[in-house]
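# Breakdown of the fold
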Amino acid sequence: MIAVITGDIINSENYSSTEWLGILKKYFSELGDSPEDWEIYRGDEFQLRVPIDQALKVAIRIKALIKTIKGLDVRMGIGIGEETFVGVGVSESNGSAYQRSGRTFESLKEDKINLIVATGNDFYDRTLNLPLKLALDFMDDWSIVSAEIVVLVLENPRTSQQEIAQQLGIQQSAVSQRQKRARLDLVLELLDYYNIIIKEMTP
């Protein structure tokens with residue numbers, strides 16, 4: 001089983017792609033090779049294949065990276081399932097993970113939600129998406145500095161507040177405040193919860 005993330009950049013038409021494309025490509029390149037593992041197409045849409053246990057963390061990190069640019073956000077559908085055909089590029093591959101990701105992504109605009117997980121199991125979908133919807137309540141409102149702090153912590157989870165403070169050239173107390181404002185503790189709890197559910201789902 002694999003996870004597939006299909007997404008697009010919200011408000012991208014008001015920005016030059018040079019403002020966000022480099023950031024996205026740099027991160028995607030850390031995750032795998034293009035076009036086998038990820039592709040950016042139709043200007044502002046993307047698709048990537050990731051291990052199931054990494055999917056939500058990757059999606060939240062993408063969101064935080066894009067939200068470091070004022071006025072931008074991202075919509076993503078995470079599909080969990082099988083991969084039955086491997087194409088030249090990820091957008092040509094197929095299987096239930098791809099179908100769920102694509103269908104979920106298409107429904108996001110209508111539902112006015114920016115991130116959903118589709119597992120093919122109603123119980124697990126509800127179990128994962130309810131806390132995710134609650135978390136989106138504050139993640140959608142991340143400021144640039146909140147998004148930056150989330151990016152830093154997700155990149156290096158073991159980095160201390162003191163190290164982050166030195167990196168950003170601010171006081172440790174300011175790092176602590178920014179982490180609180182970003183509700184970082186809840187983000188990390190959500191990621192732990194996601195992994196518990198995924199382990200239960202895929203014994």
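As the structure is a computational prediction, the values presented were derived from the model and not from experiment.

Helix and strand counts for the protein chain come out as eight helices and five strands. Each helix and strand of the protein chain, placed in order from N terminus to C terminus, yields the pattern β-α-β-β-α-β-α-β-α-α-α-α-α. The C-alpha atoms of the protein chain give a radius of gyration of 17 Å, which matches the 17 Å a tight globule of 203 residues would have. Along the first, second and third principal axes, the C-alpha set of the protein chain runs to 50 × 40 × 30 Å. Every one of the 203 residues in the protein chain was classed for burial, and the buried ones make up 49%. If you take every contact in the protein chain between residues at least 6 apart in sequence, the share linking residues at least 24 apart comes to 68%.

The biggest cluster of nonpolar side chains holds 59 residues, and the ones touching the most others in it are Phe46, Ile60, Ile62 and Ile78. Ranked by the residues each element gives to this core, the list is headed by helix α2 (residues 55-66), at nine residues. In this structure isoleucine 78 touches Ala3, Val4, Ile5, Ala55, Leu56, Ala59, Ser101, Leu115, Ile116, Val117 and Ala118, once residues within four positions along its chain are discounted. Core analysis: the next-biggest nonpolar cluster, separate from the first, contains five residues, Ile2, Val90, Ala97 and Tyr98 among them.

Strand order in the open sheet made by the five strands is β2-β3-β1-β4-β5, with mixed pairing throughout. Edge positions in the open sheet fall to β2 (38-41) and β5 (115-118), since each of these has one partner strand only. Ignoring which end each strand starts from, the neighbouring axes of this sheet average 15° apart. Direction of pairing for strand β1 (residues 2-10) relative to strand β3 (residues 45-50): antiparallel, over a ladder of six bridges. By the bridge assignment, alanine 3 is partnered in β3 with valine 50. Against the sheet, helix α1 (residues 21-31) makes contact with β1, β2 and β3, and its axis sits at roughly 160° relative to β2, the strand it touches most.

Note on placement: alanine 55 falls in helix α2. Counting along the chain gives 38 residues from alanine 55 to serine 17, while the straight-line C-alpha distance between them is 24 Å. With near-sequence residues (within four places) excluded, alanine 55 lies in contact with Ala3, Ile5, Val50, Ile78 and Tyr194.

Throughout the structure, instances matching the rule amount to ten salt bridges. Measuring nitrogen to oxygen at the nearest pair gives 3.1 Å for the salt bridge that ties aspartate 8 to arginine 75. A residue pair is termed long-range when its members are at least 10 positions apart, and aspartate 8 in strand β1 and arginine 75 in strand β4 (residues 73-81) qualify at 67 residues. The exposure classification of aspartate 8 matches that of arginine 75, with both residues buried. With a closest N to O distance of 2.8 Å, glutamate 45 and arginine 42 form a salt bridge. Beyond isolated ion pairs, a larger network of salt bridges with shared partners links Lys26, Glu30, Arg61 and Glu155.

In this section: the packing of helix α4 (residues 122-139) against helix α8 (residues 184-201). Closest axis-to-axis distance for the α4/α8 pair is 11 Å, and the angle between their directions is 170°. Classified by the interaxial angle, the pair formed by α4 and α8 is roughly antiparallel. Seen from α4, the contacting residues are Tyr124, Thr127, Leu128, Pro131, Leu132, Ala135, Phe138 and Met139; seen from α8, they are Leu186, Val187, Leu190, Tyr193, Tyr194, Ile197, Ile198, Glu200 and Met201. In the contact of α4 with α8, the residues fall into 15 nonpolar, one polar and one charged.

Each value, and the rule that gives it
Residues numbered from 1 in each chain as written. Predicted model: local features only at pLDDT ≥ 70, side-chain atom pairs only at ≥ 80, totals over all residues. Heavy atoms only, no water. Helix = DSSP H or I, 4+ residues; strand = E, 2+ residues; numbered from the N terminus. Rg over C-alpha atoms; globule rule 2.2 N^0.38 Å. Buried < 20%, exposed > 50% of the residue type's maximum accessible area, 1.4 Å probe, protein only. Contact = heavy atoms within 4.5 Å. Core = buried A, V, L, I, M, F, W, Y, C linked by side-chain atoms within 4.5 Å. Pairing = 2+ DSSP bridges. Axes fitted to C-alpha atoms, helices over the stretch in contact; angles between N-to-C directions. Salt bridge = Lys/Arg side-chain N within 4 Å of Asp/Glu carboxyl O. Parallel < 35°, antiparallel > 145°, perpendicular 65-115°, else oblique. Nonpolar A, V, L, I, M, F, W, Y, C, P; charged D, E, K, R; others polar.

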